[in-house]
Amino acid sequence: MGLLSDPNRRRALTSLLTRLNTPLCVLCYVAGVAWFMGLAFAPFSLRCYMSENAMGSTMVEERFSTGERALGAAREFAAQKKKAGGMPVQWLVQAMQSRGLEVYTQSFSRMLPFPDESKERYMVHGTNVYGILRAPRAPRTESLVLSAPCSPDGANNQAVGLLLALAQYFKGERETSVCLCVCV
């Protein structure tokens, strides 16, 4: 029998953990503080850095001027989704490619336990579409991932439109120092 399926061993393990609760908590706390302090040690943090240029106040725009374009893309996505009877994969691929992204698709199927894992399961099939906009001025070690699910109802149409508009906006920016990954 397994360690947790045997009632006697389970009781023994529970009593051991109850007895050693305080020392284990103190040990974990001290280890966490030591690890946090170790992050300042150079060999632990050689590949980590903070890009303060991305947080500069001169990089902020007060108004998103392509909002109407985002709403238009959302309306077009909703029409294509209704016409396709689901996620319009081909339209999304073409829309992302026309905005200058490298586009890839990934088919998936997943068994989901809804609502009770022991009684009922559903098989979900779908396709992820994602586009990558490479940073023109960076070593491409950082990326920003923007994602929106494609739901059967029209709840996320505007989110997909906004993702497409943001991708087009960032394509025109030359100051971008991170890669952009758009996932639907």
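Nothing here was measured: the structure is a model prediction, and the numbers come from that model.

Procedures and definitions
- Here the residue numbers are simple positions, counted from 1 along each chain's written sequence.
- Thresholds applied to this predicted model are a pLDDT of at least 70 for local features of residues and 80 or more for the giving and counting of side-chain atom pairs; totals over whole chains, interfaces and linings are not thresholded and use all residues.
- Think of the side-chain values as coming from all heavy atoms in the structure, minus any hydrogens and water.
- Helix and strand definitions follow DSSP, with helices as H or I runs of at least four residues and strands as E runs of at least two, each counted in order from the N terminus.
- Buried residues are those whose accessible area, probed at 1.4 Å on protein chains only, stays under 20% of the maximum for their type, while exposed residues exceed 50% and partly exposed ones sit between those limits.
- In what follows, a contact means two residues having at least one pair of non-hydrogen atoms within 4.5 Å.
- In this description, accessible areas are obtained by the Shrake-Rupley approach with a 1.4 Å probe, and a residue is regarded as covered only by the protein chains that are shown.
- Under this rule, positive means Lys or Arg and negative means Asp or Glu; His and the chain ends count for nothing.
- Any Lys or Arg side-chain nitrogen found within 4 Å of a carboxyl oxygen on Asp or Glu counts as a salt bridge.
- A 3.5 Å cut-off defines polar contacts: any pair of N or O atoms within that distance qualifies, except that in protein one atom must be a possible hydrogen donor and the other a possible acceptor, and neighbouring residues in sequence count only when both atoms are side-chain atoms.
- Angular values range over 0 to 180 degrees, each being the angle between N-to-C directions of two axes fitted as lines to C-alpha atoms, with helices fitted over their stretch in contact.
- Each angle is binned into one of four classes, with values under 35 degrees roughly parallel, values over 145 roughly antiparallel, values of 65 to 115 roughly perpendicular, and all other values oblique.
- A crossing counts as left-handed when the near helix is turned anticlockwise from the far one by less than a right angle, and as right-handed when that turn is clockwise.
- What a helix is expected to span follows from its residue count: subtract one and scale by 1.5 Å.
- Any pair of Phe, Tyr and Trp rings, taking the six-membered ring for Trp, is counted once the centres come within 6.5 Å. Such a pair is stacked with planes under 30 degrees apart, edge-to-face with planes over 60 apart, and tilted for the rest.
- Between any two strands, at least two bridges found by DSSP are needed for them to pair.
- Buried residues of nine kinds, namely Ala, Val, Leu, Ile, Met, Phe, Trp, Tyr and Cys, make up a nonpolar core once their side-chain atoms join them within 4.5 Å.

Q: Where do I start with the overall build of the chain in this structure?
A: Summing up its helical and strand segments, the chain has 5 helices and 4 strands in all. From first element to last, N terminus to C terminus, the chain shows the α and β order α-α-α-α-β-β-β-α-β. Buried residues in the chain amount to 21% of all 184 residues. The long-range share in the chain, meaning contacts at least 24 apart out of those at least 6 apart in sequence, stands at 65%. Taken as a whole, the chain presents about 13,600 Å² of accessible surface, with 58% of it coming from carbon and sulfur.

Q: Whenever I open this one, the side chain of Arg99 confuses me. Can you help?
A: Along the polypeptide, Arg99 turns up in the loop between helix 4 (89-98) and strand 1 (102-112). For the buried Arg99, no salt bridge exists, and the shortest N-O distance to an oppositely charged side chain is 5.8 Å, to Glu76. Polar side-chain contacts of Arg99 include one of 3.0 Å to the backbone oxygen of Ala95. Not counting residues up to four positions away in its chain, the partners in contact with Arg99 are Ala73, Leu164, Gln168 and Lys171.

Q: Even after reading the chapter, I still don't get the packing of helix 3 (residues 67-84) against helix 5 (residues 157-172), so can you show me in this structure?
A: Geometrically, a packed helix pair is captured by the angle between its two axes and the distance between the axes. Two elements in contact, helix 3 and helix 5, have axes whose closest approach is 7 Å; the angle formed by their N-to-C orientations is 130°. Classed by the angle they form, the pair helix 3 and helix 5 counts as oblique. In terms of crossing hand, the pair formed by helix 3 and helix 5 is right-handed. Only Asn157, Gln158, Val160, Gly161, Leu162, Leu164, Ala165 and Gln168 of helix 5 make contact with helix 3, whose side of the interface consists of Arg69, Ala70, Leu71, Ala73, Ala74, Phe77, Ala78 and Lys81.

Q: So what exactly am I meant to see when it comes to helix 5 here?
A: Think of an α-helix as 3.6 residues a turn; residues three or four steps apart then line up on the same face. The end-to-end C-alpha separation of helix 5 is 23 Å, in line with the 22 Å expected for 16 residues at 1.5 Å each. All of the buried residues in helix 5 are Asn157, Val160, Gly161, Leu163, Leu164, Ala165, Ala167 and Tyr169. Looking at the packing, one finds that the buried side of helix 5 touches helix 3, helix 4, strand 2 (122-133), strand 3 (143-147) and strand 4 (179-183).

Q: How do you make sense of the packing of aromatic side chains when you look at a structure like this?
A: For any pair of aromatic rings, the description rests on two quantities: the centre-to-centre distance and the angle between the ring planes. With the rule as written, the count across this model stands at 3 aromatic pairs. With 5.9 Å between their ring centres and 45° between their planes, Phe77 and Trp91 make a pair best called tilted. Here the residue Phe77 occupies a position in helix 3, and Trp91 occupies one in helix 4, the gap between them amounting to 14 residues. For Phe77, a relative accessible area of 0% translates into the label buried. When the centroid spacing of 5.5 Å and the interplanar angle of 70° are considered together, the rings of Tyr169 and Phe170 count as edge-to-face.

Q: Can you help me understand the sheet that holds strand 2 in this one?
A: The pairing of strands in a sheet happens through backbone hydrogen bonds and is either parallel or antiparallel. The mixed open sheet is built from 4 strands, whose spatial order is 1-2-4-3. The open sheet has two free edges, formed respectively by strand 1 and strand 3, since each of these has just one partner strand. Taking the axes of each pair of neighbouring strands and ignoring which way they run, one obtains an average angle of 20° across the sheet. Bridge analysis of strand 1 against strand 2 gives 11 bridges, and the strand direction is antiparallel. Note on strand 2: the bridge partner recorded for Thr105 is Val129. Contacts from helix 4 reach strand 1, strand 2 and strand 4, with the element oriented near 15° to strand 2. The sheet strands contacting helix 5 are strand 2, strand 3 and strand 4, and the helix crosses strand 4 at an angle near 160°.

Q: Where do I start with the nonpolar core in this structure?
A: The nonpolar side chains of a soluble globular protein tend to be buried, and buried together. By size, the foremost hydrophobic cluster in this structure holds 20 residues, and its most contacted members are Leu92, Met96, Leu101, Val160, Leu164 and Val182. Looking at this core, the elements with two or more residues in it are helix 3, helix 4, strand 2, helix 5 and strand 4. Those residues in contact with Val182 that lie beyond four places of it in its chain are Met96, Leu101, Val129, Tyr130, Gly131, Leu146, Leu163 and Ala167.

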